[in-house]
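# Coordinates in review
Single-letter residue listing:
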Amino acid sequence: MPTLTGTESVTSPVASTGATRQELPYRLRQQSLLGEFGRTALQTRDIGQILQRATQLCAQGLETPFAKVLEYMPEEKRLLVSAGVGWAPETIGQISLGVDLESPAGYAFHTGQIVISNHLQEETRFRTPKLLLEHGIKRAINVLIARGGEGHLPFGVLEVDSADSGQFDLADADFLAGFAGLLGIAIERQHADAELQKALEHQAMLTREMSHRVKNSLASVVGLLRVQSRSAQSEEVQNALKDAASRITTIAQVHDHLWRSTRIGFVDIADFAGELCRKLQETLAYKIDCKFDHLMIPADKAIPLGLLINELVTNAAKHAYSDKSGEIQVAGAGRGADLHVVVADQGVGLPADFDMDQPRASLGFKVIKSLLAQLNGRIAVSSNEPKGTTIQLDVPLD
């Protein structure tokens, strides 16, 4: 906040104002306006609105129609009227003032001292800017709007002007300095927000680029596996290569959703599972009915979960139906802190000796068990009535 001591402020002689106004209500109103602005500065992110509101309240507090914020423009080395009240409509954002020491605002900007001038028409210390002459301004206070941090130029100057012949005093300057201090904090906060947003956007760009490249690399691997599958002599090898390609495709789809997601590192399980089922539908003869609630889940959960859904649907397609017709239902919804997933069919059902806890030699079943352990999930397998199988998964999302 600018200093306000006998040796560090520049003032013209100040007369007592007690005869022209009731001092206590006047000062109490100033404190109330300062508190109101403090709340506004904390709750509002638009710096333009904050600057404009500051000029309105400062003018009210000093009982004058004129106030303005002069923002320093480094390239032009001038002070631009960036907010204000009482001035001609074309003033805001158009008119600028010199920043030299011979002007009241320029002196305040360069020295950090508060400048009070109650008799501009008789002023010998400074020249009166043309803007003030055109509006008949007779007195003014200028206070520096500083910014925090070393090496930062001040933001500019907060100025209140009046066309009457009253007096601004040091208490008025204190009031204005309070506004300038709050403005400096609000401006620094906006600067910090902008830097943080810039960093987040850069991080998001890197994440999108990384996910896109991984997806393309995985797509190349899938292509190679499919070529090898077509040239393999053994049907067992062909099926194994096709299954591997399908699993890698699932991982690639997660990365595709990652760079398109509005939330970095998360995917919408409804969009992801829906696309996964559509891709599986292209390679399977059975109808796949997929219904998932919209729920954002972390990528480190989405990848194994997608692989798990891929295995269960593929397994149902291989074993549930003896012919090429039938339907596989896939659904998911939030249930407390878990994601509850159901994969069901109306096929031949479970073998009579089926035991979930018994080890099996098939790679698919081993993959399912491994993915469940990775997700810390739970699985339940049951027979449908009158026929078919239902597999239920509960995956914690914490």
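All figures in this text were calculated on a predicted structure; none of them were measured in a lab. Numbering of residues starts from 1 in each chain and follows the order in which that chain's sequence is written. Confidence filtering applies because this is a predicted model: local features only for residues at pLDDT of at least 70, side-chain atom pairs given and counted only at 80 or more, and all residues used for totals across whole chains, interfaces and linings. Side-chain metrics in this entry use all non-hydrogen atoms of the structure; hydrogen atoms and water are not considered.

## Description of the environment of Ala316
Note the following rule: Strands are runs of DSSP state E lasting at least 2 residues, helices are runs of H or I lasting at least 4, and numbering of each runs from the N terminus. Each residue's exposure class comes from its accessible area (1.4 Å probe, protein chains only) as a fraction of the maximum for that residue type: buried when under 20%, exposed when over 50%, partly exposed otherwise. Throughout, a residue-residue contact means that at least one pair of heavy atoms, one from each residue, lies within 4.5 Å.
Examined against the element boundaries, Ala316 turns out to sit in helix 8 (residues 299–319). Judged by its relative accessible area of 8%, Ala316 falls in the buried class. Sequence separation of Ala316 and Glu327 is 11 residues, and the distance between their C-alpha atoms is 9.6 Å. Setting aside chain neighbours within four positions, we find Ala316 in contact with Tyr321, Ile328 and Asp345.

## Quick word on the sheet that holds strand 11 (residues 327–335)
The pairing of strands in a sheet happens through backbone hydrogen bonds and is either parallel or antiparallel. Put simply, the test is: By definition, two strands form a pair when at least two bridges between them are found by DSSP. Every axis corresponds to a line fitted to the C-alpha atoms, with the helix fit spanning only the stretch in contact, and the corresponding angles, defined between N-to-C directions, vary from 0 to 180 degrees.
Pairing is mixed in the open sheet, where five strands are placed in the order 9-11-12-14-13. Edge strands, defined here as strands with exactly one partner in the open sheet, are strand 9 (287–292) and strand 13 (378–383). On average, each strand axis in the sheet is inclined to that of its neighbour by 15°, with strand direction left out of account. Of the strand pairs in this sheet, strand 13 and strand 14 (residues 389–396) are connected by six bridges, and their pairing is antiparallel. Across the sheet, Ile379 pairs through a bridge with Leu393, a residue of strand 14. In this fold helix 7 (residues 269–283) packs onto strand 9, strand 11 and strand 12 (338–345), with an angle of close to 175° to the strand it touches most, strand 9.

## Topic: the packing of aromatic side chains
Basically, it comes down to this: Aromatic rings from Phe, Tyr and Trp, taking only the six-membered ring of Trp, are treated as a pair when their centres fall within 6.5 Å; an angle between ring planes under 30 degrees marks them as stacked, one over 60 as edge-to-face, and anything in between as tilted.
Applying the stated criterion across every chain yields a total of six aromatic pairs. Plain terms: the ring middles of Tyr72 and Phe109 are 4.7 Å apart, the flat faces sit at 35° to each other, and that makes the pair tilted. With Tyr72 in strand 2 (residues 66–73) and Phe109 in helix 3 (residues 104–111), this residue pair connects regions lying 37 residues apart in the sequence. With a relative accessible area of 7%, Phe109 lands in the buried category. Look at Phe175 and Phe179: their rings are 5.0 Å apart centre to centre, the planes differ by 70°, and that puts the pair in the edge-to-face class. Here Phe175 and its partner Phe179 are both found in helix 5 (residues 170–231), four residues apart, which amounts to about one turn of the helix. The same class applies to Phe175 and to Phe179, which are both buried.

## Thoughts on the pattern of salt bridges
Short version of the rule: One side-chain nitrogen of Lys or Arg within 4 Å of one carboxyl oxygen of Asp or Glu is enough to make a salt bridge.
Within this structure, the stated rule accounts for 14 salt bridges. A salt bridge links Lys287 to Glu327; the nearest nitrogen and oxygen atoms lie 3.6 Å apart. Here Glu327 lies in strand 11 and Lys287 lies in strand 9, a separation of 40 residues in the sequence. Each member of the salt-bridge network shares a partner with another, and the members are Glu23, Arg27, Asp169 and Asp172.

## Considerations on unusual backbone geometry
Here the phi dihedral of Glu63 falls at roughly 55°; this positive angle occurs in a residue that is not glycine. The topology assignment puts Glu63 in the loop between helix 2 (47–61) and strand 2.

## A closer look at empty space enclosed by the protein
Operational definition: The way it works is a 1 Å grid over only the protein atoms, where trapped points that fit a 1.4 Å probe form a cavity and open points with protein on both sides within 12 Å along at least five of seven lines form a pocket, and then any residue with an atom within 4 Å of a point lines it. Grid points are joined across faces, edges and corners, and a volume is the space filled by probe spheres set on the points. Ten residue types, Ala, Val, Leu, Ile, Met, Phe, Trp, Tyr, Cys and Pro, are classed as nonpolar, four, Asp, Glu, Lys and Arg, as charged, and the remainder, Gly among them, as polar.
Tallied over the entire structure, the rule returns one cavity of 30 Å³ or more. Counted as a void, the largest cavity has a volume near 30 Å³. Around the largest cavity, the lining residues are Leu97, Pro104, Ala105, Pro129, Leu132, Asn142 and Glu159. When its residues are assigned to classes, the lining of the largest cavity shows five nonpolar, one polar and one charged.

## Here we look at the nonpolar core
The line we're drawing: Put simply, a nonpolar core is a bunch of buried Ala, Val, Leu, Ile, Met, Phe, Trp, Tyr and Cys residues held in one set by side-chain atoms that sit within 4.5 Å of each other.
Of all hydrophobic cores here, the largest spans 37 residues; its most connected members are Ile269, Phe292, Leu305, Leu308, Val313, Ile328 and Val330. Going through the elements one at a time, helix 7, strand 9, helix 8, strand 11, strand 12, helix 9 (363–375) and strand 14 are the ones with two or more residues in this core. Apart from the residues within four sequence positions on either side, Val330 is in contact with Cys277, Ile288, Asp289, Cys290, Lys291, Phe292, Ile309, Val313, Val342 and Val343. Judged by nonpolar contacts, the second largest core, of 35 residues, contains Ile50, Leu57, Val85 and Ala173.

## Concerning helix 7
Worth spelling out the cut-off: What a helix should span is 1.5 Å times the count of its residues minus one. N or O atoms closer than or at 3.5 Å make up a polar contact, with two conditions inside protein: a donor-capable atom paired with an acceptor-capable one, and, for residues adjacent in sequence, both atoms drawn from side chains.
Helix length check: helix 7, at 15 residues, gives a terminal C-alpha distance of 21 Å against a target of 21 Å (1.5 Å per residue), a fit within 8%. Buried residues of helix 7: Ile269, Ala270, Phe272, Ala273, Gly274, Glu275, Leu276, Cys277 and Leu280, and no others. Where helix 7 begins, one side-chain oxygen reaches toward the backbone nitrogen of Ala270, 2.9 Å away; that side chain belongs to Asp268.

## Considerations on the environment of His340
Mapping His340 onto the fold places it in strand 12. The class for His340 is buried, based on a relative accessible area of 10%. Here the alpha-carbon distance between His340 and Ile379, two residues 39 residues apart in the chain, equals 10.0 Å. Ignoring sequence-local partners within four residues, the contact set of His340 consists of Ala331, Gly332, Ala333, Arg335, Gln392, Leu393 and Asp394. Engagement of the side chain of His340 in a polar contact is seen with the side chain of Arg335, the distance being 3.4 Å. At a separation of 2.9 Å, a polar atom in the side chain of His340 contacts the side chain of Asp394.

## Overview of the packing of helix 7 against helix 8
Quick reminder of the rule: By definition, any crossing whose near helix is turned counterclockwise from its far helix by less than a right angle is left-handed, and any crossing with a clockwise turn is right-handed.
Two numbers describe how helix 7 lies on helix 8: the axes approach to 11 Å, and their chain directions differ by 35°. Note that helix 7 runs across helix 8; the crossing there is right-handed. Taking contact as the criterion, the partners of Ile269, Phe272, Leu276 and Leu280 in helix 7 are, on helix 8, Ala302, Leu305, Gly306, Ile309, Asn310, Val313 and Thr314. A class-by-class count of the residues in the contact of helix 7 with helix 8 yields eight nonpolar, three polar and no charged.

## Some details on the packing of helix 1 (residues 23–43) against helix 2
Heads up, the rule is: By the definition adopted for this analysis, an angle is roughly parallel if under 35 degrees, roughly antiparallel if over 145, roughly perpendicular if from 65 to 115, and oblique otherwise.
Packing of helix 1 against helix 2 brings their axes to within 9 Å, and their N-to-C directions diverge by 175°. Comparing their axes, helix 2 and helix 1 come out roughly antiparallel. Seen from helix 1, the contacting residues are Tyr26, Arg29, Gln30, Leu33, Glu36, Phe37, Thr40 and Ala41; seen from helix 2, they are Ile50, Arg53, Ala54, Leu57, Gln60 and Gly61. A per-class count over the contact of helix 1 with helix 2 returns seven nonpolar, four polar and three charged.

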